[in-house]
2 protein chains.
Amino acid sequence: MTRSTVGKPASPVMMDAKSHAAGFRKARDARRSELIEDYVELIADFLETGGEARQVDIAERLGVAQPTVAKMLTRLSDEGLIVRRRYRGIFLTDEGRALAKRTRERHHIVETFLAALGVSPETARTDAEGIEHHVSEETLAAFKRFIVRPGNSSRE
Amino acid sequence: MTRSTVGKPASPVMMDAKSHAAGFRKARDARRSELIEDYVELIADFLETGGEARQVDIAERLGVAQPTVAKMLTRLSDEGLIVRRRYRGIFLTDEGRALAKRTRERHHIVETFLAALGVSPETARTDAEGIEHHVSEETLAAFKRFIVRPGNSSRE
DNA sequence: CAAGACCTATAGTAACGGCTATATATGCTC
DNA sequence: GAGCATATATAGCCGTTACTATAGGTCTTG
Ligand SMILES: [Mn+2]
Ligand SMILES: [Mn+2]
Ligand SMILES: [Mn+2]
Ligand SMILES: [Mn+2]
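Residues numbered from 1 in each chain as written. Chains lettered and ligands numbered in written order. Predicted model: local features only at pLDDT ≥ 70, side-chain atom pairs only at ≥ 80, totals over all residues. Heavy atoms only, no water.

By the naming in an unreviewed UniProt entry, chain A goes by Transcriptional regulator MntR and is assigned to Pararhizobium mangrovi. Looking at the Sequence similarities (unreviewed entry) heading of the UniProt record, one finds this comment for chain A: "Belongs to the DtxR/MntR family." Recorded in UniProt under Function (unreviewed entry), the annotation for chain A is "In the presence of manganese, represses expression of mntH and mntS. Up-regulates expression of mntP." (UniProt positions renumbered as here; feature names shortened; annotations may be inferred.)

Colleague: Please give an account of the protein's contact with DNA strand C that cites residues and values.
Modeller: Residues in close proximity to DNA strand C total 20 residues, the closest being Thr 68, Lys 71 and Arg 75 of chain A together with Arg 54 and Gln 55 of chain B. The sugar and phosphate moieties of DNA strand C supply 64% of its atoms located within 4 Å of the protein. One of the side-chain nitrogen or oxygen atoms of Arg 84 of chain B is found 3.0 Å away from a phosphate oxygen of DNA strand C. Between DNA strand C and the protein, one listed contact pairs a base oxygen with a side-chain N or O atom of Tyr 87 of chain B at 2.8 Å. (Near = heavy atom within 4 Å. Polar contact = N/O pair within 3.5 Å; in protein donor to acceptor, adjacent residues only side chain to side chain.)

Colleague: An account of the relation of the copies chain B and chain A is requested, with residue identities and associated values reported.
Modeller: For the pair chain B and chain A, the superposition axis carries a translation of 0.0 Å, the fit reaches an RMSD of 0.1 Å, and the rotation angle comes to 180°. What we have between these two chains is a two-fold relation. Relative to the rotation axis, the closest C-alpha in chain B is found at Gly 151 of chain B, a distance of 1.8 Å. Here 97% of the interface residues in chain B have copies in chain A that are interface residues too; the copies meet face to matching face. (Least-squares fit on C-alpha atoms with pLDDT ≥ 70 in both. Contact = heavy atoms within 4.5 Å.)

Colleague: Break down the coordination of the manganese ion (ligand 4) for me, with residues and values.
Modeller: All names here are of chain B. All of the protein donors around the manganese ion (ligand 4) are Asp 38 (OD), Glu 129 (O), Glu 129 (OE), Glu 132 (OE) and His 133 (NE2); their distances to the metal are 2.0 to 2.3 Å. Mapping the donors of the manganese ion (ligand 4) onto the primary sequence yields the spacing D-x90-E-x2-E-H. Taken as an interatomic distance, the gap from the manganese ion (ligand 4) to the manganese ion (ligand 3) is 3.5 Å; Glu 132 donates to each of them. One end of the pair, Asp 38, is in helix H1 (residues 17–48); the other, Glu 132, is in the loop between helix H5 (121–131) and helix H6 (137–148), with 94 residues separating them in the sequence. The class for Asp 38 is buried, based on a relative accessible area of 7%. (Donors = N, O, S within 2.8 Å, 3.2 Å for Na, K, Ca; no water. Helix = DSSP H or I, 4+ residues; strand = E, 2+ residues; numbered from the N terminus. Buried < 20%, exposed > 50% of the residue type's maximum accessible area, 1.4 Å probe, protein only.)

Written out as structure tokens, the structure is:
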């Protein structure tokens, strides 16, 4: 419609539509992998803290019902990230282990960064749980730099 | 590390299950409001940059199909955030406008923060689109502090 | 004012992620 | 080894967010 902007008070211009859409798309993609990442990371936690990764344990940790976990595990299994051994627990494939490693490192960096920024440990933990999935490599690098030398991150 | 037990190679302990679950729950809740926030913010952008907020425009910006927008708008309308005027575009209710304001401020702070941290404008924009929805008030305050005085964020 | 362009609505489908209820398999204990 | 407790699987439901295809309005323009 582009009605003639005569007396209008300097309306700022929106960003390029294509870039905007690309940003939203990326966020949607991240949303789709959030759960997978959390599951794989959690399973790795269980396995490496000496315990087994059983459905009931995972369900309790995530705060969801056991059948919800069962269904999700089918998806993880379909994607080749885990192996299920009935009544023996869940195990990670090589691919799953690799994803868990990356994911956990990223999670740790995000949480540590928030704490370094002055956020309380409790909030850092909570916020990191969601933020982690939307942090690009570049931003992650910036977080790392800040953790090492707070205050030296951007000023040249 | 608690290397008390013999043989076993220092298995660290997982955090409290209840807190863990609470964190996941909060992230899930945030996920449910992500879309609503993005829509309302985007509609406000359209309206305040002199244009109209039409379904086709919104669809293009978000990178989704028009019927997807139509359905989502029904939800926004049901929740009292918008008013639809056929062929005249979408308008925000008072409640919608209030949500848009909060959301946009938060978005802006997150993006500005990332840039201040040394992240490229492009990446800052992209990452902020996802991160914004998972940033608590406390973290937002920390971001603001950093923007004002980079490097002075974590001192008491 | 009629045609066509453009916008919106609706129908039908699918994947995902959650739930409850219930069936079945396994492991433990006596 | 039988019984019971526990873990897992399955069925069926729902809401959300996407899609395509298509029908139906409205606006503009020749
Ligand atoms: Mn995580
Ligand atoms: Mn997470
Ligand atoms: Mn936003
Ligand atoms: Mn967003």
